[in-house]
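If you want the building blocks of each chain, they are given just below.
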Amino acid sequence: MSCPKDKITLEFNGKPVTARPGDTVASALYRSGQRIFTRSFKYHRRRGLLCLAGKCPNCLMNVDGAPNVRTCITLVRAGMRVTHQNASPSLENDWLSVVQHFDRLMPVGWYYKTMTDPRVWHTAEPFVRKIAGLGTPPSPDAVSGNYEHAYRHSDVAIIGGGPAGLKAAISEAENGRQVTLVDDQPELGGHLRYTKIAEAALPELVAKVQTLPNMQVLNGSYCFGLYEGNLLGIVQPRRDPDDAERLIHLRAGRVVVATGAYESPLLFPNNDLVGVMLSTGVLRLIHLHGIIPGKVAVVIGQSPLVEPVVADLREAGLQIAATVAPKSVVRAIGKKYVTRIETRDARHACDLVVMCGHRIPDAGLLHQAGARLEWNAGKGAFIPTDLPAHVSAVGQVTGESLSAAATLPPVLDPASKRAFVCLCSDVSSQDLANAIDEGFDHIETLKRYTTTTMGPCQGRMCQLPAIGVCARQTNHSMAETGVTTGRPPNPGVTLGALAGARHHPTRRTPMHYEHEAAGAAWLDMGEWKRSRYYQSPMGASEKQCVEQEYRAVRERVGLIDVSTLGKLDLKGRDVGRLLDHVYAGRFSDLRPGRTRYGVICDEAGIMLDDGTVSRLADDHFFVTTTTGNLDFVLQWMNWWLVGTNWDVYITNLTSGLAAVNLAGPNAREVLKPLTDCDLSTAAFPYMACRVAQVAGAEAILMRIGFVGETGWEIHFPAESGPDVWKAVMEAGRKFDIKPFGIEAQRLLRLEKRHIIVGVDSDALTNPFEAGMGWVPKLDKEDFIGRSALARLATQPPKQKLACFIMNEADLPEDGAAIMIGGQLAGRVTSARFSPGQGKAIGLAWVPAETAREGAEVQVRVRGRVARARITEKAFYDPDGARLRM
Amino acid sequence: MSFLVQCPQCGHRSVYEFRFGGEVKQRPAPNASEAEWTNYVYTKANEAGVQKEWWFHRSGCRQWFQAVRNTVTNEVQESFFPGDTT
């Protein structure tokens, strides 16, 4: 941090504000004269500093573009840009504060009572959104700063850097354990930082913590969740603009919760006026920042909490106008700021009201972790009990040194529309009483109906008063009323921190830059980048480019990068046995040098994946899977191998090999000069495979025909990728070779009625309905899915995958509805315009009885119904003669 | 979910490193009745308590193994490679 010695300048609403080192944003603004920090959620009432500990919603501002930052625990930094939220035009003059005069029109549950008609809601929503709320999220393109995740481990994690946490941390560290100490305040010390306690030896404790080598201190970082397995979610805000906001996943052997107790406000009319503060907030201002927040104070509270506070305030130079008991307070009075306190028998002029509120154990983390919160009347608090294993608690969070302030139950009588229980969403004791009268008389339903405890403070300020009101109105005890469930995250976490670094892993094929140079338009397929088509330098449309690629393959020769295919090398005596078991087809009888199409089904007979199986030698197979299913197939094969002792070794060569498919009438002529392999049909027939040199690289060649032309799928080492690609393109130049992309490939295969598993099939498709009843070899004794497939083979399928051709010049979208007689009867899985047919063709699921040559169906094309005709055979070369040429 | 799974090879790791593979079930014989097969394919014990499960250490050693887990507490009591004699 670079700044002049004793002066830091930040910007508040565009104006410079001078701060001192060690100031928080809130203390700097307060020192500069700012008293109103926020406008309330619903009524736009003025709100000033209250807790100064990051527990209440009163100081939320936008800091450097991030909304809802707790400014009272955010240290100042030179050049910080701070702006107010939810007030227009300014915090001092907010025209929306007029809303509070209509509060009678906004009873509890106002939304549910008035917004019952969708038309009303759609009209009202923009206004409601404008009036109610907190900060505005930054626009997606203006998201500032970095986010990252860190993973840490320690023997013990201590949450809370107060005296109990510090002592526990020191003791654990001195016993040789790796300790992580997490504290949400800018400096360690907890309440010792601002209260005068004789036993205090804070500097010694802090110094000790900082010298222990096996201690890691995360101060200014907050823990928002304690999850199973002792996983702690911790946010470390950025210290300077170049830093990253860090989400730390801390896994700890044991967790010691030392979050202490915090103070919550008292309930009386106008308890939210600016200048009404918690005693701990006032003491923080005085002792941490050297700010005396007033001249004449009224202290509300009960012995023994009040006396030390009064003494402290006097010593700081404040005049104490009166010390009053909470139950005698009638209301606070003041227009902009508090000016008086009215009690049953007097009025006290003042400019500061100090509430000595209840001390509430900050047991949220323990509650999340599964502890029970049990009412303890003697301590006037819900005390955590039944802590889960490996989680413990020390200090005030256990109820230690708490004594019931005589202010309980913390409720006044009668209820008031201006006595705010929930500062986050402006819910008063009157609202709670009304909600209970309406039947929401359980603390959990009361919470959901009124949104009390659901705001930014997550119940820290309001839960105990809400329970008190609920208990009184329902004539139950505090214990019977109980607490609402505590859930993470608490406090809130920025979505950026949860999302982490914006890393998008990208996989590029070895020939990626060849495609880029050729003008590839990219398609993201999982993590892979694939060429959708190649753009023409003449600016032709995508349709024209695809058609040119299509024509190159059909009439001359084309080359496509298929490196993204899953590629598995299987070696061992029992590979044939494994493949027979995993695939529906038979592979143990495949002769070396031959390739066969394979389909994997699950035990229910559903098609999971397809690909080719090539036998390179007796004990050596080469298997391809679809791009997206590699991991699945690999895990699936390995799963079936567990415990078998079969002699099978599987190597995943997906990244190690590049692959291309060279296809078209001239494919042989292109390949011939590049290889020593005899490519004649006699020597290398359709569905054969060979290992040979191609353009100087050792390659596996398979003569297969997904696109329906004479062609070879060639797999070769990834490092030779660009060389082989260039060599093939060069050799193909005299045949006017063209690289082709996914779009052309999909069109070419559609004309051949070759399906894509996962596109044309879904999670319920079996081979019989997909028109591939020849695939399962039911005469095999056993294989995955045999039982189900044997049964399916005897049942006529209800629906079938069929080819269709449009009657008119319409192109249905993938997924379009198939209609028969005006009724929904199926859906299109793939449709493309076929230059060969001059019409759009496709595959669709239709009722089995419709899946016959010439049947008429209707296809919904962009809201219109168009006619189509079913065909049984492939559109192009149905007998596969071209593949065998 | 953030419990630890004990890989027999790599030790305790976050559950996010693993793929869950379902309950361990005995696959019926090829000629078993349709009811047995239907039960195997579609029915799960869905035990609220201790059950034996398949796990795959996806982000680690990439091995399948079995673990005994309490589905109520997510405590993994033991794990092993099937077939290993201990």
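Thresholds, definitions, all that
- Residues numbered from 1 in each chain as written.
- Chains lettered and ligands numbered in written order.
- Predicted model: local features only at pLDDT ≥ 70, side-chain atom pairs only at ≥ 80, totals over all residues.
- Helix = DSSP H or I, 4+ residues; strand = E, 2+ residues; numbered from the N terminus.
- Contact = placed C-beta atoms within 7 Å.
- Buried ≥ 20, exposed ≤ 12 C-beta atoms within 10 Å, placed from the backbone.
- Pairing = 2+ DSSP bridges.
- Axes fitted to C-alpha atoms, helices over the stretch in contact; angles between N-to-C directions.
- Nonpolar A, V, L, I, M, F, W, Y, C, P; charged D, E, K, R; others polar.
- Expected span 1.5 Å × (residues − 1).
- Domains from an automatic or database assignment.
- Core = buried A, V, L, I, M, F, W, Y, C linked by C-beta atoms within 7 Å.
- Left-handed = near helix turned anticlockwise from the far one by under 90°.
- Parallel < 35°, antiparallel > 145°, perpendicular 65-115°, else oblique.
- pLDDT = per-residue confidence, 0-100.

**A short note on the overall build of chain B**
Stage number 1. The helix and strand tally for chain B stands at 1 helix and 6 strands.
Stage number 2. Projected onto the principal axes, the alpha-carbon positions of chain B cover approximately 40 × 25 × 25 Å.
Stage number 3. Taking the intrachain contacts of chain B between residues at least 6 apart in sequence as the baseline, contacts between residues at least 24 apart amount to 48%.

**Observations regarding the overall build of chain A**
Stage number 1. Of the regular secondary structure elements, chain A holds 21 helices and 46 strands.
Stage number 2. Within the span of chain A, comprising 885 residues, buried residues form 48% of the whole.
Stage number 3. Across chain A, the fraction of contacts at a sequence separation of at least 24, relative to all contacts at a separation of at least 6, is 66%.

**Regarding the sheet that holds strand β4 (residues 50–56) of chain B**
All names here are of chain B.
Stage number 1. An order of β3-β4-β5-β6 is seen for the 4 strands of this open sheet, with the pairing classed as antiparallel. Since the sheet does not close on itself, it has two edges, and those belong to β3 (19–23) and β6 (75–80), each with one partner. Neighbouring strand axes in the sheet, compared pairwise and without regard to direction, differ in orientation by 35° on average.
Stage number 2. In the sheet, strand β5 (residues 64–70) pairs with β6 via 5 bridges, with the strands oriented antiparallel. Paired with N70 across the strands is E75, a residue of β6.

**Here we look at the interface of chain B and chain A**
Stage number 1. Taken together, the contact pairs 14 residues of chain B with 17 residues of chain A.
Stage number 2. Counting residues per element, the ones that place at least two in the side of chain B that touches chain A are β3 and α1 (34–42) of chain B.
Stage number 3. It is α1 of chain B that contributes the most residues to the side of chain B that touches chain A, 3 residues altogether.
Stage number 4. Taken together, the residues of the side of chain B that touches chain A sort by class into 8 nonpolar, 4 polar and 2 charged.

**A few points about helix α3 (residues 118–131) of chain A**
Residue and element names in this part refer to chain A.
Stage number 1. Along its 14 residues, α3 runs 19 Å from first to last C-alpha, staying within 8% of the 20 Å computed at 1.5 Å per residue.
Stage number 2. In terms of burial, α3 is a largely surface element, 0 of the 14 residues being buried.
Stage number 3. In the stretch just after α3, G133 is the one whose phi turns positive, near 145°.

**Looking at the sheet that holds strand β21 (residues 352–355) of chain A**
Residues and elements named next belong to chain A.
Stage number 1. Reading across from one edge, β15-β21-β16-β17 is the order of the 4 strands in this open sheet, with parallel pairing throughout. Here the strands that pair on one side only, and so sit at the sheet edges, are β15 (276–278) and β17 (319–324). Shown here is a sheet whose adjacent strand axes are inclined to one another by a mean of 25°, direction ignored.
Stage number 2. Sheet strands touched by helix α6 (residues 279–289): β15 and β21. Its angle to β15, the strand with the most contacts, is close to 85°.
Stage number 3. Taken strand by strand, helix α7 (residues 306–315) contacts β16 (296–300), β17 and β21, and its axis lies near 170° from that of β17.

**Brief notes about the domain arrangement of chain A**
Stage number 1. With domains assigned, chain A is organised as domain 1 (8–102), domain 2 (266–356), domain 3 (513–564 + 656–748), domain 4 (566–652) and domain 5 (798–885).
Stage number 2. Computed from C-alpha coordinates alone, the two centres of domain 1 of chain A and domain 3 of chain A are separated by 63 Å.

**Here's the deal with the nonpolar core**
A general feature of soluble globular proteins is that nonpolar side chains tend to end up buried together.
Residues and elements named next belong to chain A.
Stage number 1. Counting residues in each nonpolar core, the largest one holds 144 residues, and the members touching the most others are I158, V353 and V354.
Stage number 2. Here the element with the most residues in this core is strand β13 (residues 244–257); it accounts for 7 residues.
Stage number 3. Counting only domains with at least three residues in this core, you end up with domain 1 (8–102) and domain 2 (266–356).
Stage number 4. Ignoring any residue separated from it by four or fewer positions in sequence, one finds V353 in contact with G275, V276, M277, V298, I300, A332, V338 and I341.
Stage number 5. Listed in part, the 102 residues of the second largest apolar core include L568, L674, V694 and A788.

**A closer look at the packing of helix α9 (residues 429–437) of chain A against helix α10 (residues 443–450) of chain A**
Residue and element names in this part refer to chain A.
Stage number 1. Here α9 crosses α10 at 120°, and the two axes come no closer than 10 Å. The interaxial crossing formed by α9 with α10 has right-handed handedness. Here D431, L432, A435 and I436 of α9 lie close against α10, whose contacting residues are L446, Y449 and T450.
Stage number 2. In the contact of α9 with α10, the residues fall into 5 nonpolar, 1 polar and 1 charged.

**Topic: the packing of helix α15 (residues 542–555) of chain A against helix α20 (residues 742–751) of chain A**
All names here are of chain A.
Stage number 1. Where α15 meets α20, the closest approach of the two axes is 9 Å, and the angle between their N-to-C directions is 55°. On the basis of their axis angle, the class for α15 and α20 is oblique. Note that α15 runs across α20; the crossing there is right-handed. Between α15, through V546, E549, Y550 and V553, and α20, the contact on the second element is made entirely by E743, A744, L747 and L748.
Stage number 2. Tallied by class, residues from the contact of α15 with α20 come to 6 nonpolar, no polar and 2 charged.

**Considering unusual backbone geometry**
Stage number 1. Here the amide bond leading from S88 of chain A into P89 of chain A is cis, since omega sits at 0°, within 30 degrees of zero.
Stage number 2. N490 of chain A connects to P491 of chain A through a cis peptide bond whose omega is 0°.
Stage number 3. Examined against the element boundaries, P491 of chain A turns out to sit in the loop between α12 (478–481) and α13 (495–499).
Stage number 4. The phi dihedral of T451 of chain A is positive, around 65°, even though this residue is not glycine.
Stage number 5. At N74 of chain B, a residue that is not glycine, the phi angle is positive and equals roughly 65°.
Stage number 6. Looking at the element boundaries, N74 of chain B is found in the loop between β5 and β6.

**Topic: the environment of P685 of chain A**
Stage number 1. With respect to the helices and strands, P685 of chain A occurs in the loop between α18 (667–671) and β37 (689–694).
Stage number 2. Each C-alpha atom of the pair P685 of chain A and G253 of chain A lies 64 Å from the other, and the pair is 432 residues apart in sequence.

**Quick notes on the pairing of strand β44 (residues 839–847) of chain A**
All names here are of chain A.
Stage number 1. Within β44, 7 of the 9 residues are buried, leaving the element largely enclosed by the surrounding structure.
Stage number 2. The pairing of strand β43 (residues 823–834) with β44 spans 7 bridges and is classified as antiparallel. Directly across from R832, in β44, lies its bridge partner I841.
Stage number 3. Here β43 folds back onto β44 in antiparallel fashion, the turn holding 4 residues, of which G838 has a positive phi close to 75°.

**Describing the environment of L653 of chain A**
Stage number 1. Topologically, L653 of chain A is positioned in the loop between β35 (649–652) and β36 (657–663).
Stage number 2. When near neighbours in sequence (up to four residues on either side) are disregarded, L653 of chain A contacts K567, L568 and D569 of chain A.

**Some thoughts on the confidence of the model for chain B**
Stage number 1. Mean pLDDT over chain B: 93, with 97% of residues reaching 70 or higher.
Stage number 2. Here the prediction assigns the complex a pTM of 0.87, and the interface score ipTM is 0.96.

**Details of the environment of V76 of chain A**
Stage number 1. Relative to the helices and strands, V76 of chain A resides in the loop between β6 (66–70) and β7 (81–83).
Stage number 2. For the pair V76 of chain A and L288 of chain A, spaced 212 residues apart in sequence, the C-alpha to C-alpha distance is 14 Å.

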